Amino acid sequence: MTACGDRVPPDTARPAAGPPSAPAAPSARVLLASLLPAVAVGVLASLLFVGVSEAAELLQGVLWKNLPDALGVGRYSVLWMMVMLTATGVAVGLVVWRVPGHAGPDPATLGLDAPVLPPRVLPGLVLATALMLAGGPSLGPENPIIAVNVGLAFWLGSRFLPRAPGAIWPVLAESATIGALFGTPVAAALVISEALAGRGAKGRLWDSLFAPLAAAAVGALTTTLVAHPTFDLHLPPFGGPHWGDLLASLVVASLAAVLGMAAVHAFPFVHGAFRRLRHPMLMLPAGGVVLGLLGALGGHLTLFKGLDEVGELARDPDGWTAGQFLTMAVVKLAALLVAASSGFRGGRIFPAVFVGASFGLAAHQLVPAVDPSLGVACGVLGMLLAVTRQGWVSLFTAAVLVDSPAILALLCFASLPAWLLVTGRPQMQLHDDGSPVV
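Residues numbered from 1 in each chain as written. Predicted model: local features only at pLDDT ≥ 70, side-chain atom pairs only at ≥ 80, totals over all residues. Heavy atoms only, no water.

1. Section: the environment of Ala108
Turning to step 1, where the next piece is worked out: On the secondary structure map, Ala108 appears in the loop between helix H3 (78-98) and helix H4 (122-135).
Turning to step 2, where the next piece is worked out: Note on Ala108: relative accessible area 0%, which makes it buried.
Turning to step 3, where the next piece is worked out: C-alpha of Ala108 to C-alpha of Pro137: the two residues are 29 residues apart in sequence and 15 Å apart in space. (Helix = DSSP H or I, 4+ residues; strand = E, 2+ residues; numbered from the N terminus. Buried < 20%, exposed > 50% of the residue type's maximum accessible area, 1.4 Å probe, protein only.)

2. Comments concerning helix H16 (residues 408-422)
Turning to step 1, where the next piece is worked out: Taking 1.5 Å per residue, 15 residues should reach 21 Å; H16 reaches 21 Å between its end C-alpha atoms and fits that length.
Turning to step 2, where the next piece is worked out: At Leu416, H16 is deflected by roughly 30 degrees, the largest bend along its length, and proline Pro417 occurs up to four residues later in sequence.
Turning to step 3, where the next piece is worked out: Three or more residues of H16 are buried, namely Leu410, Leu411, Ala414, Ser415, Ala418 and Val422.
Turning to step 4, where the next piece is worked out: Buried positions along H16 lie against helix H9 (243-275), helix H14 (372-388) and helix H15 (391-402).
Turning to step 5, where the next piece is worked out: In the stretch just after H16, Gly424 is the one whose phi turns positive, near 80 degrees. (Expected span 1.5 Å × (residues − 1). Bend = angle between axes of the 7 residues up to and from the residue. Contact = heavy atoms within 4.5 Å.)

3. Examining the pattern of salt bridges
Turning to step 1, where the next piece is worked out: All chains considered together, the criterion is met by two salt bridges.
Turning to step 2, where the next piece is worked out: The salt bridge involving Arg75 is made with Asp69; its shortest N-O contact spans 2.7 Å.
Turning to step 3, where the next piece is worked out: Residue class for Arg75 comes out partly exposed when judged on its relative accessible area of 36%.
Turning to step 4, where the next piece is worked out: Owing to a relative accessible area of 43%, Asp69 belongs among the partly exposed residues under this scheme.
Turning to step 5, where the next piece is worked out: Here Arg275 makes a salt bridge to Asp106, at a shortest N to O gap of 2.9 Å. Placement of the pair is Arg275 in helix H9 and Asp106 in the loop between H3 and H4, with a sequence separation of 169 residues.
Turning to step 6, where the next piece is worked out: By relative accessible area, Arg275 is classed as partly exposed at 26%. (Salt bridge = Lys/Arg side-chain N within 4 Å of Asp/Glu carboxyl O.)

4. Regarding the packing of aromatic side chains
Turning to step 1, where the next piece is worked out: Scanning the entire structure with this criterion turns up five aromatic pairs.
Turning to step 2, where the next piece is worked out: On the numbers, 5.4 Å between centres and 20 degrees between planes, the contact of Trp64 with Tyr76 is stacked. Placement of Trp64 in helix H2 (residues 35-71) and of Tyr76 in the loop between H2 and H3 is noted, with a sequence separation of twelve residues between them.
Turning to step 3, where the next piece is worked out: Ring centres of Phe182 and Phe350 lie 6.2 Å apart, and the angle between their planes is 55 degrees; on these two criteria the pair is classed as tilted. Here Phe182 is found in helix H6 (residues 168-182), whereas its partner Phe350 is found in helix H13 (residues 349-366), with 168 residues between them in sequence. Like Phe350, Phe182 is buried.
Turning to step 4, where the next piece is worked out: By way of ring pairs, the aromatic residues Trp64, Tyr76 and Phe304 are connected into one cluster. (Phe/Tyr/Trp six-rings, centres within 6.5 Å; stacked < 30°, edge-to-face > 60°.)

Shown next as structure tokens:
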């Protein structure tokens, strides 16, 4: 009302306040300026990953081929597996104990989203990772390599480009390393998109993804040109889908998720048991002894990170019985638990792929109507959902292993009941106090 008691005419009334406007999108010039750091980080992350992987493969050849041949011992005999895995525990234990930085924090507390570690930690973490990859424990390179690249990118970026916001370096390094690990930027784009959604990022998604996607593309391209990686297992072509395939996908993915959740629930207890030993020169050698016993039970295919071994299984999907496939899946999952709990520096995605693939091939052997390609893809999907709680990474990894567009719709359906089984429950990662991350 006005002072005279008259109403304000409608055409002169102040408009009602609307919702706050979205933050201004970065200009093309700002996005363009982020390309140079993204390219530099992409190349650096890829070369470090390839360098560590190649060095570990060379050392693996010496330890598991040249040395036992020279000594007249079977390469994968029970004796040699016990010796090598125990020795690996001793070697990594010495690094964790004596090298400055102690090879970083407890690996059970680390995921793909790595903290920024100080530079003095990084050499020890690289050395511990290379020794682990060569020595046979069931872990992959992803978590420590991401952590090393994040720390290195942050240190170099802050030193040579101090005007750039510090928060950009971890995102670029994570994206570049994931692109290098999987040989494609798609995996990194999916992971970063999921992370941005969880953090409630503002603005347009592609503005936020511009620099990380560039880093991932450069990392993937560099790795492809240098190392020529492939995830395609060359399984028999998938001819479906049919109604029976839909049922099989739902059952296999759900059962694999249940198996994975059993390991997830056991993780804090296994981790706590090793932590009672307190000293790395007790925890890691003890872990090596247990891993040697598990290797003797499951065979040499249950050693190492698992990708090469998955390829060996896929070359002959009918070469083992259902019982043998299930034994390898359970032993590999137990080895993953022990390696991640006893202090070996490594990630959990790649060995989980082996577990899921073995489980899927066991389903094919039990029920021949289950297509082997479908069994592998759905087993990997369910296992990764349980272990990582990363929906996009799980779907992407399961799909690229089979390389069949017809299987994508089935995987999307299969992910629904599997996700209901795992969501809201702990994942295979712990807080600093040993409690599980939910």
